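# Fold and geometry: a report
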Amino acid sequence: MAETPATPSLADRITKDEPIKSWADEVDSPSAESAPRVDNSQLDGAGGPLNGSELREPDYAVEIKLSDMQADPNNPLFSVKSFEELNLKPEVLKGVIAMNFRRPSKVQERTLPLLMMEPRHNMIGQSQSGTGKTAAFVLNVLQRIDISTPQLQSTPQALILAPSRELARQIASVVSIMGTFMEGLKVEAAIPTGPAERGRRIEAAVVVGTPGTVQDMIRRKAMDMRGLQVLVLDEADNMLDQGGMGDQCIRVKRSYYSQQHFQTTLSNMHNNSRQMQIR
Ligand SMILES: Nc1ncnc2c1ncn2[C@@H]1O[C@H](COP(=O)(O)OP(=O)(O)OP(=O)(O)O)[C@@H](O)[C@H]1O
């Protein structure tokens, strides 16, 4: 097994009393000695013309072990080479195709089968900027939400936290674009606004917000989180490293964790790499 990162793991920081497992823990993988290393020649599956990017190899052992598991086509964690293999809802697949995504990027190949597994699992992964992480967690969010009734369309089912309002807006726009063909999809930003908007209620299936505003809205009961299915923290270690913001993230997560088992995705930056974690 490769060396452990020197800093405390994301899992340690986000959940002290209920440790979150890494990918490697989840899949009960073979011993590190027997796990072949991934070579350095992998490229993003999307390719340049489709805005794909080169993937730099991860240096965390968990990914090497996961890759090993995914090399076995009989394993449920086997990676996918096409979006069709993921059994996406037709309207979600249509959105992906409309975005000109021809095939999953390397990061998506590995993460999407895990993200979409039932029962839901935790995951820690990492990849660098521009390799398709945002698209991966947005795809999972859209796949998991149920907007079949007007009531469900107004019930927050996925919450994505980001460290800045600009990033929150960008993510919300990716959700809207990828969800173009999802009738009744409502996406709202829970970001700092003027006093006039302070009393507003969030009534959307997908909420993208900054931790402080979200925490405030939960406290004021302006956002009902009882229907939450997926929680995403983008740039999680960036947020967790900023004392106050880290506390807010943890409080948001803990406020509902004990009541239900929702899925958490953490996407963070650390030493030029990023991690994802899923519950
Ligand atoms: N499978 C794909 N095929 C083609 N283009 C893709 C694919 N996945 C993502 N992209 C595009 O690649 C670009 C980078 O993707 P994305 O924003 O998801 O990466 P990221 O890892 O989250 O990047 P960052 O760290 O900068 O936020 C975007 O323009 C996105 O639309």
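Everything numeric here is computed off the predicted structure, so don't read it as measured data.

Thresholds applied
- Residues numbered from 1 in each chain as written.
- Predicted model: local features only at pLDDT ≥ 70, side-chain atom pairs only at ≥ 80, totals over all residues.
- Heavy atoms only, no water.
- Helix = DSSP H or I, 4+ residues; strand = E, 2+ residues; numbered from the N terminus.
- Buried < 20%, exposed > 50% of the residue type's maximum accessible area, 1.4 Å probe, protein only.
- UniProt positions renumbered as here; feature names shortened; annotations may be inferred.
- Salt bridge = Lys/Arg side-chain N within 4 Å of Asp/Glu carboxyl O.
- Axes fitted to C-alpha atoms, helices over the stretch in contact; angles between N-to-C directions.
- Parallel < 35°, antiparallel > 145°, perpendicular 65-115°, else oblique.
- Left-handed = near helix turned anticlockwise from the far one by under 90°.
- Contact = heavy atoms within 4.5 Å.
- Nonpolar A, V, L, I, M, F, W, Y, C, P; charged D, E, K, R; others polar.

This next bit is on unusual backbone geometry. At Asn100, a residue that is not glycine, the phi angle is positive and equals roughly 70 degrees. Residue placement: Asn100 occurs in the loop between α4 (90-98) and α5 (106-115). Under the relative-accessibility criterion, Asn100 is labelled partly exposed at 33%. Not every positive phi belongs to a glycine, and Lys221 is a case in point at roughly 55 degrees. Of note, Lys221 is situated in the loop between α9 (211-219) and β5 (230-234).

The sites that UniProt annotates as "short sequence motif: Q motif" (unreviewed entry) are residues 81-109. Secondary structure within residues 81-109 divides into 45% helix and 0% strand; the distance between the first and last C-alpha atoms comes to 6 Å.

Moving on, we come to the pattern of salt bridges. Here the structure, examined in full by the defined rule, presents nine salt bridges. Put simply, Arg103 and Glu109 hold a salt bridge, and the shortest N to O gap is 3.1 Å. A relative accessible area of 35% means that Arg103 is categorised as partly exposed. Look at Glu109 and you get buried, because its relative accessible area is 2%.

Looking now at the packing of helix α6 (residues 133-144) against helix α8 (residues 165-178). Look at α6 against α8: their axes get within 10 Å of each other, and the N-to-C directions meet at 55 degrees. Put simply, α6 runs oblique to α8. Like other packed secondary-structure pairs, α6 and α8 cross with a definite hand, here right-handed. For the pair α6 and α8, the contacting residues are Thr134, Ala135, Phe137, Val138, Leu139 and Leu142 in the first and Ile171, Val174, Val175 and Met178 in the second. Of the residues assigned to the contact of α6 with α8, the class counts are nine nonpolar, one polar and no charged.

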